[in-house]
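# Structure assessment
Listed below, chain by chain, are the residues.
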Amino acid sequence: MPTVFARIIRGELPSETVYQDEWVTAFRDIVPAAPTHILIVPNKVIPTMNDVTEDDADLLSRMLLVAKELAAQEGIAESGYRLIINCNKEGGQEVYHLHLHLIGGRPLGPMISRSW
Ligand code: DGP
């Protein structure tokens, strides 16, 4: 079964896509955590961060550079933003197609709760 993100990338499911090139697609999160919440997704399916290899180095840097450009485009570069990759169950990953969250547009508070 293709992931929901693979289907969005192929245009089979609707999304608010804000950027696409031959390596990555970026679209707005369906349940945004902040005024800007964009997912930057590799066009090829890599299930989790654990599945990344040396061959993916250019792809990973592409994801970061696109995130930086989109942050500027969204007007949040100066105020600040957060980039997150969740991995597997305890990392809070819900969709098993690698993605980078770009979140900003409001004060985000501490990175993670310190009570555990
Ligand atoms: P994660 O927990 O890191 O796997 O984040 C998955 C994110 O994907 C979550 O914030 C909600 C978002 N999401 C899930 N399904 C869809 C969808 O069909 N469309 C869009 N745009 N976002 C989705």
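Heads up: these notes are all about the structure in this document. From a predicted model like this one, the values you see are computed outputs, not experimental measurements.

This part takes up the nonpolar core. Among the nonpolar cores identified, the biggest contains 15 residues, and Val24, Ile38, Ile40, Met63, Leu70 and Leu102 are the most heavily contacted of them. Of all the secondary-structure elements, those providing two or more residues to this core are strand S2 (24-28), strand S3 (36-42), helix H2 (57-73) and strand S5 (100-104). No other element matches H2, which puts 6 residues into this core. In contact with methionine 63, other than residues within four places in its own chain, are Val24, Ile40, Pro42, Leu98, His99 and Leu100. Among the nonpolar cores identified, the runner-up in size contains 6 residues, and Ile8, Ile9, Phe27 and Leu39 belong to it.

This part covers the site of the ligand. Around the ligand, a shell composed of 16 residues is seen, among which Asp29, Asn86, Gly92, Glu94 and His101 lie nearest. Within the side chain of aspartate 29, an N or O atom sits 2.5 Å from an oxygen atom of the ligand. Protein burial of the ligand: of its 510 Å² of free accessible surface, 85% is covered by the chains. Its atoms largely coinciding with the cavity grid, the ligand occupies the largest pocket. Of all the secondary structure elements, the ones that give two or more residues to the shell around the ligand are helix H1 (4-9) and S2. The greatest single-element share of the shell around the ligand, amounting to 3 residues, is contributed by H1. Of the residues contributing to the shell around the ligand, the split by class is 8 nonpolar, 5 polar and 3 charged.

Parameters and conventions
Residues numbered from 1 in each chain as written. Predicted model: local features only at pLDDT ≥ 70, side-chain atom pairs only at ≥ 80, totals over all residues. Heavy atoms only, no water. Core = buried A, V, L, I, M, F, W, Y, C linked by side-chain atoms within 4.5 Å. Buried < 20%, exposed > 50% of the residue type's maximum accessible area, 1.4 Å probe, protein only. Helix = DSSP H or I, 4+ residues; strand = E, 2+ residues; numbered from the N terminus. Contact = heavy atoms within 4.5 Å. Near = heavy atom within 4 Å. Polar contact = N/O pair within 3.5 Å; in protein donor to acceptor, adjacent residues only side chain to side chain. Areas by Shrake-Rupley, 256 points an atom, 1.4 Å probe, with all protein chains shown as cover. 1 Å grid on protein atoms, 1.4 Å probe; cavity = no way out; pocket = protein on both sides within 12 Å on 5 of 7 lines; lining within 4 Å. Sits in = over half its atoms within 2 Å of the grid points. Nonpolar A, V, L, I, M, F, W, Y, C, P; charged D, E, K, R; others polar.

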